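# Survey of secondary and tertiary structure
Each chain, written out:
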Amino acid sequence: MRPSRVPLVVSLLMAVFLYIPIVMLVVQSFNAARFGGHWEGFSFIWYERLLDNRPVWLATRQSLIVAVTSTLFSTVLGTIAAWALHRYRSRLQDAHYLLVYSPLVVPDILMGMSLLLLFVNLGVQLGVGTVMVAHITFCTSYVAFVLLGRLQDFDFSLIDAARDLGAREATIFLKIILPLLGPGILAGALLAFTLSIDDFVITFFVSGPGSSTLPVHVYSMMKHGTPSLINALSVILMTVTFSLVLISQPLLKKHTQ
């Protein structure tokens with residue numbers, strides 16, 4: 001009895017469905033046509049214009065600043081929230097759990113509008129600060145739930161044993177808690193960074209003049225009819241991402257050996 005070819009066919013169709021748009025994007029980034037509807041010849045013109053496009057690089061720098069700052073604060077707050085939720089049980093903790101869980105289920109457009117109304121009612125001027133606060137708000141929830149999963153397998157008897165042996169709280173944190181929770185904290189931080197640098201809907205509501213991040217700026221470029229520049233920018237971002245993944249693979253293998 002010959003094995004079925006259905007799984008192979010389905011896998012190939014899924015690969016085509018997922019990667020054909022990416023291949024088309026790469027090809028169109030070298031198309032001399034402005035809108036990419038037809039082929040006008042191979043050209044690097046859009047990459048050249050992209051390198052000279054100062055607003056794009058300013059928006060990229062803004063996105064990195066917001067993402068790094070939001071990641072740092074949300075990682076600390078999310079770790080503390082996860083530890084408190086896991087270690088302590090009370091009615092107040094039930095409310096705490098609901099508050100942490102809410103940003104995960106509330107639609108982005110509703111959250112963006114709510115934060116906008118909050119800032120307006122408080123008289124806070126929209127800008128980079130409001131974008132950072134908004135990103136910290138939803139990134140903290142993701143970090144907290146990543147850490148809660150990690151804490152399920154945490155052996156708290158190690159802390160009790162360290163205390164019985166006379167270890168100080170700082171030593172327990174640096175020698176036991178931080179190494180054991182390190183992978184979860186790193187995973188939560190990477191998730192927070194990815195969500196922050198990729199967010200559009202919430203940022204669109206709470207950003208002010210001069211505080212546009214890269215996703216918001218790309219949306220503006222689409223409205224003004226420059227899709228070819230966006231194709232070139234996407235190819236550069238994919239190249240950087242894949243390069244970082246390839247570079248990290250040998251380091252991860254070395255670390256696990």
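Just so we're clear, the structure is a prediction, and the values are computed from it rather than from any experiment.

Turning next to the overall build of the protein. A count of helices and strands for the protein gives 11 helices and zero strands. Its helices and strands in sequence order give the protein the pattern α-α-α-α-α-α-α-α-α-α-α, from N to C terminus. Taken over C-alpha atoms, the radius of gyration comes to 23 Å for the protein, far larger than the 18 Å a tight globule of 257 residues would show. On the protein, roughly 16,700 Å² of surface is accessible, and the fraction owed to carbon and sulfur atoms is 70%.

Its 24 residues give helix α6 (residues 128-151) an end-to-end C-alpha distance of 34 Å, which sits within 8% of 34 Å, the value for a rise of 1.5 Å per residue. Taken as a whole, α6 carries its principal kink of about 25 degrees at C139.

It is worth spelling out the packing of α6 against helix α8 (residues 169-198) at this point. Interhelical geometry of α6 versus α8 gives an angle of 150 degrees and a closest axis separation of 9 Å. Considered as vectors, α6 and α8 are oriented roughly antiparallel to each other. Considering how the two elements wind past one another, α6 and α8 form a crossing that is right-handed. Judged by residue contacts, H135, F138, C139, Y142, V143, V146, L147, R150 and L151 of α6 engage L180, L181, P183, G184, I185, A187, G188, L191, A192, L195 and S196 from α8. For the contact of α6 with α8, the residue count by class is 15 nonpolar, four polar and one charged.

Right, let's get into the packing of aromatic side chains. Overall, the coordinates contain 12 aromatic pairs when judged by the stated rule. A ring pair is formed by F30 and F42, whose centres lie 5.2 Å apart and whose planes are at 10 degrees; its orientation type is stacked. Remark: F42 occurs in the loop between α1 (6-28) and α2 (45-51) and F30 occurs in the loop between α1 and α2; sequence separation between them is 12 residues. Since its relative accessible area comes to 56%, F42 is described here as exposed. Seen from their ring centres, F204 and F205 are 6.1 Å apart, and the 85 degrees between their planes marks the pair as edge-to-face. A residue is classified by how much of its surface remains accessible, and F205, at 22% relative accessible area, is partly exposed.

Let us now look at the packing of helix α3 (residues 54-87) against helix α4 (residues 91-105). Two numbers describe how α3 lies on α4: the axes approach to 10 Å, and their chain directions differ by 140 degrees. In the crossing of α3 with α4, the sense of the turn from one axis to the other is left-handed. On the side of α3, the interface is formed by A81, A84 and L85, while α4 contributes Q93, H96, Y97 and V100. Of the residues belonging to the contact of α3 with α4, the class tally is five nonpolar, two polar and no charged.

Now for the nonpolar core. Most often, soluble globular proteins keep nonpolar side chains buried together rather than apart. L115, F154, I159 and L181 are the most contacted members of the largest nonpolar core, which totals 30 residues. Those elements that provide at least two residues to this core are α3, α5 (108-121), α6, α7 (157-164), α8 and α9 (201-206). Sort the elements by how many residues they give to this core and α6 lands first, with 10 residues. F154 has contacts with W83, I159, I177, L180 and L181, leaving out every residue within four places of it along the chain. The next biggest cluster of nonpolar side chains, apart from the first, holds 14 residues, and it includes L50, A59, V218 and A232.

A separate point is the environment of I159. Tracing the backbone shows I159 in helix α7. C-alpha of I159 to C-alpha of I177: the two residues are 18 residues apart in sequence and 8.1 Å apart in space. Ignoring any residue separated from it by four or fewer positions in sequence, one finds I159 in contact with W83, F154, I172, I176 and I177.

The residue S63 is located in helix α3 in this model. Exposure remark for S63: the relative accessible area of 4% places this residue in the buried category. The contacts of S63, once residues within four sequence positions are left out, are I197, T213, L214 and P215.

Among the secondary structure elements, F44 is positioned in the loop between α1 and α2. For F44 and A32, which are 12 residues apart along the polypeptide, the C-alpha to C-alpha distance reads 7.7 Å.

For the rest of this paragraph, the subject is the environment of I197. Looking at the secondary structure, you find I197 in helix α8. A residue is classified by how much of its surface remains accessible, and I197, at 29% relative accessible area, is partly exposed. Considering only alpha carbons, one finds I197 and A67, 130 residues apart in sequence, at a separation of 5.3 Å.

Basis of the calculations
Residues numbered from 1 in each chain as written. Predicted model: local features only at pLDDT ≥ 70, side-chain atom pairs only at ≥ 80, totals over all residues. Heavy atoms only, no water. Helix = DSSP H or I, 4+ residues; strand = E, 2+ residues; numbered from the N terminus. Rg over C-alpha atoms; globule rule 2.2 N^0.38 Å. Areas by Shrake-Rupley, 256 points an atom, 1.4 Å probe, with all protein chains shown as cover. Expected span 1.5 Å × (residues − 1). Bend = angle between axes of the 7 residues up to and from the residue. Axes fitted to C-alpha atoms, helices over the stretch in contact; angles between N-to-C directions. Parallel < 35°, antiparallel > 145°, perpendicular 65-115°, else oblique. Left-handed = near helix turned anticlockwise from the far one by under 90°. Contact = heavy atoms within 4.5 Å. Nonpolar A, V, L, I, M, F, W, Y, C, P; charged D, E, K, R; others polar. Phe/Tyr/Trp six-rings, centres within 6.5 Å; stacked < 30°, edge-to-face > 60°. Buried < 20%, exposed > 50% of the residue type's maximum accessible area, 1.4 Å probe, protein only. Core = buried A, V, L, I, M, F, W, Y, C linked by side-chain atoms within 4.5 Å.

All quantities given are derived from atomic positions and should not be read as evidence of function.
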